[in-house]
Amino acid sequence: MMTGAKRKRSTVWRKIQAVRFEDIKAWCMRRLPVLEWVPVYNWKENLVPDTVSGMMLAIQQVTQGLAFAVLSSVHPVFGLYGSFFPVIIYAIFGMGRHVATGTFALTSLISANAVERLVPSVRTNFTANNNSGILGLSEFEMQRIGVAAAVSFLGGIIQVVMFMLQLGSATFLLTEPVISAMTTGAATHVVTSQVKYLLGMKMPYMSGPLAFFHIYAYVFENIRSVQLEALLLSLLSIVVLVLVKELNEKFHRNIKVVLPIDLLLIIATSMACYYADMEYIYGIEVVGNIPKGLPSPKAPPMSVLPEVVTEAFGVALVGYVASLALAQGSAKKFKYTVDDNQEFLAHGLSNVIPSFFFCIPSAAAMGRTALLYSTGAKTQVACLISCVLILVVIYTIGPLLYWLPMCVLASIIVVGLKGMLMQFRDLKKYWNVDKIDWSIWVSTYVFTICFAANVGLLYGVVCTIAIVIFRFPRAKTLNLKNMKEVGYKYKAEDNCESLKQVKIVSVNSPLVFLNARKFRADLLKIIQKDGMSSQCEQNTLLCSFSNGSCHGELVQPCHSERHVLILDCSGLNFFDYTGVSVLLQIYMDCKTRYIDVLLAHCKGSLIKAMQYGGNLDSENPVFFESISSAIEAIRIHRNYSKFSEQSEV
C-alpha cells in the first residue's frame, strides 16, 4: 500500500503536471505588467512624448532626489540612487503608466526618525570627505544610509507580505478624506523640517509627539541666530520657483516642454555660491562632495531591523497609500485599470531590491506624476528614459553640485509640496457634502501634526470604521414595492383576490450582525403597516417578532386570509451567520402565523446557507429566479387550491 508521504508526493506531482503553459503565461502577464505593454508599444506615436517627458522628469528626479536625501538625514548622493533603481523596478512590476516612483518626502521624513535615533548627528553639513573605502564617503555617512536602507528593506518586505495576504482589497478603508488629511499633515511636517535650512539656523533634530510645536518654539526662542543671507536666498528661490511654475501651468497646453526652473535655479545658485565664495564668507551651508558612479550591491545591516520596525511600517503604509491614490487617479484619467494588490508587490520590490544599492525608501510623488500628465507622457518608457539621464548625472555631473546651497534645496522641497498643501481647499467640499467627512479630515490632520503620518493614517482608518459601525445599523434596510415596480403583467381577473395579499419587500443592504436587528424591526413595521395579518394573527406575530411572551389563548387564523411575503434579495450583496439566522427565524415565525415567505433573486451562496441552516418547506418552493416567477407560482397555486375546493364540493 502507498504510504501517506508517497501519496502526498504523488498528489503534488500531479498538480505540477497539471499546470499548463497557458497558466504560467497568464501568471507572468498578471505579475509582470511590463510583458503586457512593451510588445504593443507604439514607437511611432509614443516615443517622442515619452522622451520629452523623460527629460523633464529626470531634472525633477535629480533635484528632488538630492533634496529628499537630505530630508532623510543621509548624504545627497543616495537620493540620486533612489531616483534610479526604484524607477526601473516599478516599470517592470507596476501597473500605473503615469506614476513616477522615486524618492518621496513623506517616506524620507519617516526614515529620518530612525536615522537620527540610531546614528545621532555629529555635524550639520555634508562637506566632509573622510574616505571610508565605499564611494569615498565617511563611516558616519555609511552608517546613516545603512539605517535608511534597512528601513527601506523592511518596509518593502512588509509590503510584499501584504501582497501575499491579498490585503490590497482592504484599501477601501482608506477613504479620500483620510488620505487627503494625512498627506497634507505630512507635507506640513516636511515643510517644518526644512525651516532650519531656510533660515540658516543650527538646530538639533527633534522628533516624537508634539515635535512640530517644539521646532517652532525653538525657532522663536533663537530668532536672533537666523542667517540673513540664507533667509534672503531662500525667499528669492521660493518666489522664482512659484512664479515660473505658475507660468508653466498656465501655458502648458500651448507648449509641452516646460521651463526646467529647478535645474536652472540649481545651476545659477551653485555658480553664484562658487564665485562669491558664500560657504566661507557668509557661512552658507552647501551640499558638498558628490561621489561619481554607482555603488556595488551590499545587504542592509540586518542587526538594526528590530529597531526600525515602527518606521518600516510607516514607510510601507504611508508610501503605499500615497502611491496607490496617484495610480488610481491616473488610471481613472486615462481609462485603464490598476490592481491594488499588484501595487503592493510593485512598491514592495521597489523598496527591497534598491535597499541593496544604498537607496532610501521610495514611493510615487504627486509633483512628478503631475509633470508626466502635463508633458504628455504615454507609458513608463518616460520613467526609463529619465533613468538613463540620471545615470549620466551620477557618472559625470554629480561632482559639479558641490556648491549647491542647502537653503535652495530646502526651497525646492517646500515649493514641490504645493500640491499637497493646497488640499486644504478640500475642506469646503467636505463641509458642503458631508459634515462627518469634514470632521474626519480635520481630526486626522491634527493627529498627523501632533504625532506622525502613520499615527494620523491609523487614526483616520479607525474613525472610518467607527463611523461605518455607527451608520450601518441605522441605514434603511428594506423597501416596499408594488406590482408596477417589478414589471409583473397579470390578467384583470387575477388582480382582485389572488394578488392583493401579496407584499413585495426589497432588501437594500447586506445582512450582517451590524444591521440584522434593524432588518427584523423594519420588516415587522412593514407587516404591521400594511396589515398583512388579521387582528387575531397580528398579536401573535408581534409577540414572535419582538421576542415577547404572549399570555392568553392564541386564536387560529383563517386559511382564507393567508398572506404571502416576497423578499427581493437582489440587493443583498453579502451576509454572515447572524444574517442567515435572522432570515430563517423570520421564515419560521411567518410560517407558524400562516404567512408564506418566498425569496427571489437569491445568490447561490445564500440558498445553500439557508438550506443548511434551517428546515425549509420541502413541498413548496421557497427560492425563485425572479419576483415575476414567484408571483406566477402564487397565482398557479391559488388557482389550483380553488379548483380542489370546488372539486370536493
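Report follows, based on the coordinates. (Residues numbered from 1 in each chain as written. Predicted model: local features only at pLDDT ≥ 70, side-chain atom pairs only at ≥ 80, totals over all residues. Heavy atoms only, no water.)

For the rest of this paragraph, the subject is empty space enclosed by the protein. Taken as a whole and judged by the stated rule, the model has two cavities of 30 Å³ or more. If you add up the space inside the largest cavity, you get close to 40 Å³. The set of elements that each furnish at least two residues to the lining of the largest cavity consists of helix 27 (577–592) and strand 6 (595–600). Sort the elements by how many residues they give to the lining of the largest cavity and helix 27 lands first, with three residues. In this model, the second largest cavity occupies a volume close to 30 Å³. Forming the walls of the second largest cavity are Q60, Q64, K245, D262, I412 and G416. Breaking the lining of the second largest cavity down by element, the ones donating at least two residues are helix 4 (43–71) and helix 19 (406–416). Looking at side-chain class alone, the lining of the second largest cavity contains one nonpolar, three polar and two charged residues. (1 Å grid on protein atoms, 1.4 Å probe; cavity = no way out; pocket = protein on both sides within 12 Å on 5 of 7 lines; lining within 4 Å. Points joined across faces, edges and corners; volume = space filled by probe spheres on them. Helix = DSSP H or I, 4+ residues; strand = E, 2+ residues; numbered from the N terminus. Nonpolar A, V, L, I, M, F, W, Y, C, P; charged D, E, K, R; others polar.)

This part is about the packing of aromatic side chains. A complete count under the given rule lists 19 aromatic pairs for this structure. Note on Y274 and Y275: the rings are 5.1 Å apart at their centroids and 75 degrees apart in plane angle, and the pair reads as edge-to-face. Among the aromatic residues, ring-to-ring pairing joins Y274, Y275, Y402 and W403 into one connected group. Its end group placed over the ring of F334, K333 keeps NZ or CZ at 5.9 Å from the ring centre. (Phe/Tyr/Trp six-rings, centres within 6.5 Å; stacked < 30°, edge-to-face > 60°. Lys NZ or Arg CZ within 6 Å of the ring centre and 35° of its normal.)

A word on the pairing of strand 5 (residues 563–568). By the criterion of burial, strand 5 is predominantly enclosed, with six of the six residues buried. Because side chains alternate across strand 5, one face comprises the buried residues H563, L565 and L567, and the other comprises V564, I566 and D568, equally buried. Summarising the sheet, strand 4 (residues 502–507) and strand 5 pair through five bridges and their orientation is parallel. The residue bridging I504 from the neighbouring strand is I566, located in strand 5. Pairing of strand 5 with strand 6, which is carried by six bridges, proceeds in the parallel orientation. Residue V564 lies in a different strand from strand 6, and its bridge partner there is D596. (Buried < 20%, exposed > 50% of the residue type's maximum accessible area, 1.4 Å probe, protein only. Pairing = 2+ DSSP bridges.)

Next up on the list: a nonpolar patch on the surface. A cluster of nonpolar side chains, contributed by L263, I267, M271, Y274 and Y275, occupies part of the molecular surface with about 540 Å² of accessible area. Summarising the element assignment, I267 is placed in helix 13 (residues 261–275). (Patch = residues over 30% accessible without salt bridge, like charges linked within 9 Å, V, L, I, M, F, W, Y side chains within 5 Å. Areas by Shrake-Rupley, 256 points an atom, 1.4 Å probe, with all protein chains shown as cover. Salt bridge = Lys/Arg side-chain N within 4 Å of Asp/Glu carboxyl O.)

What follows concerns the pattern of salt bridges. As enumerated under the stated definition, the model contains six salt bridges in all. A salt bridge links K429 to E176, with the shortest nitrogen-to-oxygen separation between them at 3.1 Å. Placement of K429 in helix 21 (residues 426–433) and of E176 in helix 9 (residues 176–193) is noted, with a sequence separation of 253 residues between them. On the accessibility criterion, K429 (39% relative accessible area) is partly exposed.

Here we take up helix 13. The end-to-end C-alpha distance of helix 13, which contains 15 residues, comes to 21 Å, matching closely the 21 Å that a straight helix rising 1.5 Å per residue would cover. Taken together, the buried positions of helix 13 are occupied by I261, D262, L265, I266, T269, S270 and C273. Looking straight down helix 13, one finds that the buried residues subtend no more than 155 degrees of arc, so they occupy a single side. Those residues of helix 13 that are buried are in contact with helix 4, helix 12 (228–251), helix 14 (278–281) and helix 19. Following helix 13 by one or two positions, D277 adopts a phi angle in the positive range, close to 50 degrees. (Expected span 1.5 Å × (residues − 1). Arc of directions from axis to C-beta. Contact = heavy atoms within 4.5 Å.)

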